[in-house]
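Below, each chain spelled out in residue letters.
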Amino acid sequence: MLRRSILRCNLSVHHRCTRLAPPATRSAASSKILAAAQQLVSPMSSQEDQAADGKLKMLCLHGFLQNGNILRMRIGSMRKGLKSRVHFQFHDAPFHAASTLTEQQIKDVGGSTDGLTWFQWSDLGPGKRPSLAVKFSNWDTTYASLCDALRQQQPDGLFGFSQGATAAALFLAALQTAQRQGKDLDVPLPKFCIVCAGFLPRDPEYAALLESAKVDVPTLFVMGASDALIPPARSHALMDTFDQRTADMFEHPGAHMVPTCTGEFKQQMVSFLGRFDSDASGTVSVGTSLDSLDDATAAAGAEQQKTEAAAVFDKP
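Just so it is clear, the structure is predicted and the values come from calculations on it, not from any experiment. (Residues numbered from 1 in each chain as written. Predicted model: local features only at pLDDT ≥ 70, side-chain atom pairs only at ≥ 80, totals over all residues. Heavy atoms only, no water.)

Caption draft 1: Spatial organisation of the side chain of Thr 166. Along the chain, Thr 166 falls in helix α7 (residues 163-180). Classification of Thr 166 by relative accessible area gives buried; the value is 0%. Excluding its chain neighbours within four sequence positions, the residues that come into contact with Thr 166 are Phe 119, Gly 198, Phe 199 and Pro 201. (Helix = DSSP H or I, 4+ residues; strand = E, 2+ residues; numbered from the N terminus. Buried < 20%, exposed > 50% of the residue type's maximum accessible area, 1.4 Å probe, protein only. Contact = heavy atoms within 4.5 Å.)

Caption draft 2: Highlighting the packing of aromatic side chains. All told, the structure shown has 11 aromatic pairs when counted by the stated rule. An angle of 35° between the planes, with centres 6.2 Å apart, marks the rings of Phe 119 and Trp 139 as tilted. Taken together, the positions of Phe 119 in the loop between β5 (116-117) and β6 (120-121) and Trp 139 in helix α6 (residues 139-153) put the pair 20 residues apart, joining distant regions of the chain. Side by side, Phe 119 and Trp 139 carry an identical accessibility label, which is buried. With a centroid separation of 6.4 Å and an interplanar angle of 75°, the aromatic rings of Trp 139 and Tyr 206 are classed as edge-to-face. Within this pair, whereas Trp 139 is found in helix α6, its partner Tyr 206 is found in helix α8 (residues 204-213), the two being separated by 67 residues in sequence. Here the two residues Trp 139 and Tyr 206 agree in accessibility, since each one is buried. (Phe/Tyr/Trp six-rings, centres within 6.5 Å; stacked < 30°, edge-to-face > 60°.)

Caption draft 3: The environment of Phe 136, seen in detail. Residue placement: Phe 136 occurs in strand β7 (residues 136-137). The class of Phe 136 is buried, set by a relative accessible area of 3%. Taking the C-alpha atoms as reference points, Phe 136 and Phe 119, 17 residues apart in sequence, are found 6.4 Å from one another.

The values are spatial; any link to function lies outside them.
In structure tokens, the structure reads:
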């Protein structure tokens, strides 16, 4: 039976905003966060590798028009709340959004021309977002990129937000399908996945891949009851393609965001991750320099979300 824990979490005040900031404001904020992200250390540094000892390694996939460093800043609360249990890794999508969208279209949604995307598409008019597309393309490039990331980083699990959540789900479906056929057996199958604000693709071919694979990797689906960009119904549709015996759900009252890692949400995360924790005590600490980076980027991420709560993500 599906174990669905529909819980409610207390969000900080700045996470309760459901209005979008004006495009000009969002663009300025996006520029600031991109500049700050460029100052971050490489997520694959030897210092971080050492800090991963005894912790679960979780590879995180960013949303549309983001990159790995931006997501790192945005989930500062989660990184700080789970730093004794989880070593966070990040991977960039293989495509630049500017290869499909015009500069004006990117500006209209408050993004940057440096923003990345996990999918390319061919059927959208002006003002439309890729989550509306019914014809995605070049998934093989994304799949190969993620296979390489898993071979190199050897994560225990995946985390994806928005478009990155859908990419994580599709990757699991493609990998399990391939491995059941004796292919890509050198790619370590993740032990778990966390899908936050993901959606079932409208491209029938991609949806069919998910429906036929019936992914049985234990997966926690996180969705916001007030998410107007990816309504809960679209997240439920994605969840319904997974093996219901290994799917869990957490619903928070907020909008299109990764909820603050406190209260019931943190309890749910700790409980879910505890099923895969190689170090039951969870007492390994992160290096001092990384703690400082966590504090700084968590503050930057919080400030960014005040001005653009869900400004650059997939609109259904």
